[in-house]
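Each chain, written out:
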Amino acid sequence: MARLLPEQLEFDFFAPPAPEQVKKPEKIAVSAAFKDADILKFQLNKDGSRKLEDFGEDLNNTRKGRSRTNSDIDRFLELPESDLQKRLGSEPLEKVWPKAAIQALAKDNPEAGACLWLVRQQLGDVRPRQNSIKYRKYIATALAAIDLHRQAAIGELAPEVQTAAFDSFYAVRDNYKYLSAIDPKYWPMLGHHYFKDVADICKYNDYRLSNDRQLNEYAYLTTLPYSQHPEIYDLYLVNSRGSRVPYNLVGGKTWEEFKENINRQLEKEHLTRKKEEENPQKTAASRTTESKPIELFGRANRKSEYEVYGKQGSIEFQLTDKAHFESKDDFWKYVSGHKQELENRYRELKEEFSRSEKDWRSGNPIRDRVGPDYRQGKDATPEMFQDTFGFRGVEFGNWVKQGKNGRERQWMLNNAYDSLMDLSKILDIPPKAVALDGDLGLAFGSRGHGAASAHYEVANRVINLTKTKGYSSLAHEWFHALDHYLMRTNYKEIQDPERRYLSQQVDSSITVQLTEDAKRDIFKRAESVYRSAKWIPAQVEYLIKNDSKNFDAAIKCAQGDTDSFSIEVNYQERSNSANKKMMFEFTRKDINVKEVGQNNVIRFPLHDAWAESHPRQRYAQTYDAQERLLAFQS
């Protein structure tokens, strides 16, 4: 045992009590990216990163900052019937009578909320065609249900008439009682058609309960939705042979027991579905066989440089960069020797490109960027971002959280900084030019709608990157902004809203023409087959221009991707004569690729004309990007 020192045994009972020790607040870990002097200037998050808010100019976002309050949700209760009827005929039902209002009502009156929820689901989200019988029924049912909602919300619905009012909705009157036992957060999983009479099902199909109990042992018994995971259900129906049938059940001897059982069962179903959403590749990964084999093949140019491609069904991916091989045999030896590696690469690409927006919402990992460290390990601050690029303004959506984890504000700003620096290096333009003379705005998760990963707003000159997948679309949207910038600064006299981009000004198209030598060769060969051989060169040229497969083959040959391409002519000289086929093969020297403008006039490529009319010195910052954009889009 440890011994006490003498001074530890001395007590002064007359001394004033020692002051109470105040617990010091827990220190927040500060990121090494900040200097000590900077910590007092701004607030920090728990992970040590700086709290980020909008900076720069206001980007005129009318949607930002708006959130639905309870008064907004219940605003329909104050409208007169004439206004309600007008809105029901012109607006989506969710805007007029939101489901959130029904769920809020269920907290005070579960049966009223359950009845109205089932009526609301029965009406659906698609309004019937006006002046039809279904439309008149839709309006009448919606007005009656909203009126019942109003009475229940303000307390005008007397208890003695409540049941009669709910039963007036014939389609749901047998089911709302069951739904009222369920927590409203599970209601979106259910509908009025899920609750079926178990006694009738057993009577007419010779089914019985899986636990061999009698139906009358349960005071409350109903079916639940079909589940992809029936193993989570303890009670279900079986046929006369004892085999399970697709009816999952929940029951209880008392109302309280029934409520507890049905909510516990739906919680299991909810968690199971959530796990599936978080692991969307789990089912696909468990498959041991593939429906179709992966076909490996190659494409070569005249320098014997081959690229390996993989194809499964109609989905094709390039698997390797160009590599030189002495012969085709050497190429196929390489393919056969690396077959497993190439097939695995194909599967990786297919999985990457087949992910939907929903997959990215579920938290799949994001591949880390590989490239120079422009920030030297520091977090990008608003001041650093503006000093480097000079954007007109930067804003964050209300649902984009503070912090530096994936899809949080600091993470977005850091990755945007690196991506924009990469873009400026690739285009060989100063970082300041990325903001297009300081006229471009940038938004993170504040303006998205629909399934788009990102979009460019012409009216506000703002790039919006969604929280879930916008990080993969920055360069794509920036070129839209550049396209608009070039149009805006060079064609100020054009105010047509339908032609807001420079690419929309292009009035030309690419055409492929045969050389005179090629036409003479075709004529000489065709003379031995056709009487009217003089028309065959024109027929071949027509097939190249107007058949998309032939046109693509010609363009690839002209670019050097392939050595040659073939055109089949199937020509009938007279109505009573048979078709005669001929095959012609062409190389790059046999064709000319031209740009044709209005009135079919052949002219120089558009980007060359830009080079003449707009000197390089005048557009030193954006000229290279301009050339690439116009060359690509022309």
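Residues numbered from 1 in each chain as written. Predicted model: local features only at pLDDT ≥ 70, side-chain atom pairs only at ≥ 80, totals over all residues. Heavy atoms only, no water.

### Some words on the packing of aromatic side chains
Summed over the entire model, instances satisfying the criterion amount to 23 aromatic pairs. A ring pair is formed by Phe 55 and Phe 385, whose centres lie 6.2 Å apart and whose planes are at 75 degrees; its orientation type is edge-to-face. Taken together, the residues span a long stretch of sequence, with Phe 55 in strand β1 (residues 55-56) and Phe 385 in helix α15 (residues 382-389) at a distance of 330 residues. Phe 55 gets classed as buried once you look at its relative accessible area, which sits at 10%. Aromatic ring contacts, followed pair by pair, group Phe 55, Phe 385, Phe 389, Phe 391 and Tyr 417 into a single cluster. If you follow Arg 244 out to its NZ or CZ, it ends over the ring of Tyr 236, 3.7 Å from the centre. Against the face of Tyr 309 rests Arg 299, its NZ or CZ located 4.4 Å from the ring centre. (Phe/Tyr/Trp six-rings, centres within 6.5 Å; stacked < 30°, edge-to-face > 60°. Helix = DSSP H or I, 4+ residues; strand = E, 2+ residues; numbered from the N terminus. Buried < 20%, exposed > 50% of the residue type's maximum accessible area, 1.4 Å probe, protein only. Lys NZ or Arg CZ within 6 Å of the ring centre and 35° of its normal.)

### Digging into the packing of helix α5 (residues 110-123) against helix α6 (residues 133-154)
A pair of packed helices is captured by two measures, namely the crossing angle of their axes and the spacing between those axes. Contact pair α5 / α6: the axes reach a minimum separation of 11 Å and the direction vectors enclose 160 degrees. Looking at the two axes, α5 sits roughly antiparallel to α6. Remark: the crossing between α5 and α6 carries left-handed chirality. For the pair formed by α5 and α6, the contact residues are Ala 112, Leu 116, Val 119 and Leu 123 on the first element and Tyr 138, Thr 141, Ala 142, Ala 145, Leu 148, His 149 and Ala 152 on the second. Looking at the contact of α5 with α6 residue by residue, the class counts come to 9 nonpolar, 2 polar and no charged. (Axes fitted to C-alpha atoms, helices over the stretch in contact; angles between N-to-C directions. Parallel < 35°, antiparallel > 145°, perpendicular 65-115°, else oblique. Left-handed = near helix turned anticlockwise from the far one by under 90°. Contact = heavy atoms within 4.5 Å. Nonpolar A, V, L, I, M, F, W, Y, C, P; charged D, E, K, R; others polar.)

### Side note on the sheet that holds strand β5 (residues 244-252)
Taking strand neighbours across the sheet as the criterion, the 4 strands line up as β2-β4-β5-β3 in an open arrangement whose pairing is antiparallel. Of all strands in the sheet, those bounded by a partner on one side alone are β2 (208-209) and β3 (220-224). As defined by bridge partners, β3 adjoins β5 across 5 bridges and the pair is classed as antiparallel. Bridge pairing in β5 links Leu 224 to Asn 248. Where helix α9 (residues 198-205) meets the sheet, it contacts β2, β3, β4 (236-238) and β5, and its direction lies at approximately 75 degrees from that of β3. (Pairing = 2+ DSSP bridges.)

### Topic: the pattern of salt bridges
Tallied over the full model, the rule gives 20 salt bridges. Note that Glu 94 and Arg 120 form a salt bridge whose closest N and O atoms lie 2.9 Å from each other. Remark: Arg 120 occurs in helix α5 and Glu 94 occurs in helix α3 (residues 93-96); sequence separation between them is 26 residues. For Arg 120, a relative accessible area of 1% translates into the label buried. One salt bridge in this structure joins Lys 519 and Glu 516, with 3.9 Å as the shortest N-O distance. Of the two residues, Lys 519 and Glu 516 both sit in helix α18 (residues 516-527), 3 residues apart, roughly one turn of that helix. The exposure class assigned to Lys 519 is partly exposed, which follows from its relative accessible area of 24%. Salt bridges linked by common partners bring Glu 395, Arg 447 and Glu 457 together as one network. (Salt bridge = Lys/Arg side-chain N within 4 Å of Asp/Glu carboxyl O.)

### Things to note about the sheet that holds strand β12 (residues 454-457)
Spatially, 5 strands are ordered β1-β10-β11-β13-β12 in an open sheet, and the strand pairing comes out mixed. Every interior strand has two partners, whereas the edge strands, β1 and β12, have only one. Pairing of β12 with strand β13 (residues 462-465) involves 4 bridges; the strand directions are antiparallel. Bridge pairing in β13 links Glu 457 to Val 462. Helix α17 (residues 474-490) rests against β11 (441-444), β12 and β13 of the sheet, and its axis sits at about 15 degrees to β12.

### Quick word on the pairing of β13
Side chains Val 462 and Asn 464 of β13 all project onto a buried face; the interleaved residues Ile 463 and Leu 465 project onto the opposite face, where all are buried too. Examined bridge by bridge, β11 and β13 share 4 bridges and lie parallel to one another. When the sheet's bridge partners are listed, Ala 443 is paired in β13 with Asn 464. Where β12 hands over to β13, the hairpin turn is made up of 4 residues, of which Arg 461 adopts a positive phi near 55 degrees.

### Concerning the nonpolar core
One finds Trp 97, Leu 179, Ile 182, Trp 187 and Leu 266 to be the most contacted residues of the largest nonpolar core, which totals 49 residues. Sorting the residues of this core by element identifies α2 (81-88), α3, α4 (99-106), α5, α6, α8 (176-180) and α10 (255-278) as the ones contributing at least two each. Of the residues forming this core, the biggest block, 9 residues, is contributed by α6. Among the nonpolar cores identified, the runner-up in size contains 40 residues, and Phe 389, Val 394, Leu 436 and Leu 442 belong to it. (Core = buried A, V, L, I, M, F, W, Y, C linked by side-chain atoms within 4.5 Å.)

### Overview of α17
Over its 17 residues, α17 extends 24 Å from the first C-alpha to the last, a length consistent with the 24 Å expected when each residue adds 1.5 Å. Every buried residue of α17 is accounted for by Leu 474, Glu 477, Trp 478, Ala 481, Leu 482, Asp 483, His 484, Tyr 485, Leu 486, Met 487 and Asn 490. (Expected span 1.5 Å × (residues − 1).)

### Overview of a positive patch on the surface
A cluster of basic residues, Arg 302, Lys 303, Lys 322 and Arg 588, forms a positive patch on the protein surface. Looking at the secondary structure, you find Lys 322 in the loop between β8 (315-318) and β9 (323-324). (Patch = residues over 30% accessible without salt bridge, like charges linked within 9 Å, V, L, I, M, F, W, Y side chains within 5 Å. Areas by Shrake-Rupley, 256 points an atom, 1.4 Å probe, with all protein chains shown as cover. Lys, Arg positive; Asp, Glu negative; His and termini not counted. Charge placed at Lys NZ, Arg CZ, Asp CG, Glu CD.)

### Focus on the confidence of the model for the chain
In the predicted model, the chain carries a mean pLDDT of 77, and 75% of its residues have values of at least 70. Within the chain, α15 carries the highest mean pLDDT (93), whereas helix α21 (residues 606-613) carries the lowest (40). In this model, residues 66-71 is a region of pLDDT below 50 whose contacts with residues beyond four sequence positions or in other chains number 6 contacts. This model gives residues 602-634 a pLDDT under 50, and the stretch forms 51 contacts once residues within four places in sequence are excluded. (pLDDT = per-residue confidence, 0-100.)

### Observations concerning the environment of Ser 532
Here Ser 532 shows up in the loop between α18 and α19 (536-546). On the accessibility criterion, Ser 532 (21% relative accessible area) is partly exposed. Measuring from C-alpha to C-alpha, the distance between Ser 532 and Glu 573 comes to 7.4 Å, with 41 residues separating the pair along the chain. Apart from residues lying up to four places away in sequence, Ser 532 is in contact with Tyr 571 and Glu 573.

### Re the environment of Leu 209
Tracing the backbone shows Leu 209 in strand β2. Looking at Leu 209, the relative accessible area reads 2%, which means it is buried. Here the alpha-carbon distance between Leu 209 and Arg 244, two residues 35 residues apart in the chain, equals 9.8 Å. The residues contacting Leu 209, other than those within four sequence positions of it, are Gln 214, Leu 215, Tyr 218, Leu 221, Leu 235, Tyr 236, Leu 237, Val 238 and Leu 249.

### Looking at α6
The α-helix winds at 3.6 residues per turn, so residues separated by three or four positions along the chain end up facing the same way. Compared with an ideal rise of 1.5 Å per residue, which puts 22 residues at 32 Å, α6 spans 32 Å between its outermost C-alpha atoms and is within 8% of the ideal. Among the residues of α6, Tyr 135, Tyr 138, Ile 139, Thr 141, Ala 142, Leu 143, Ala 145, Ile 146, Leu 148, His 149, Arg 150 and Ala 152 are the ones counted as buried. Once α6 ends, the next one or two residues include Gly 155, with phi positive near 85 degrees.

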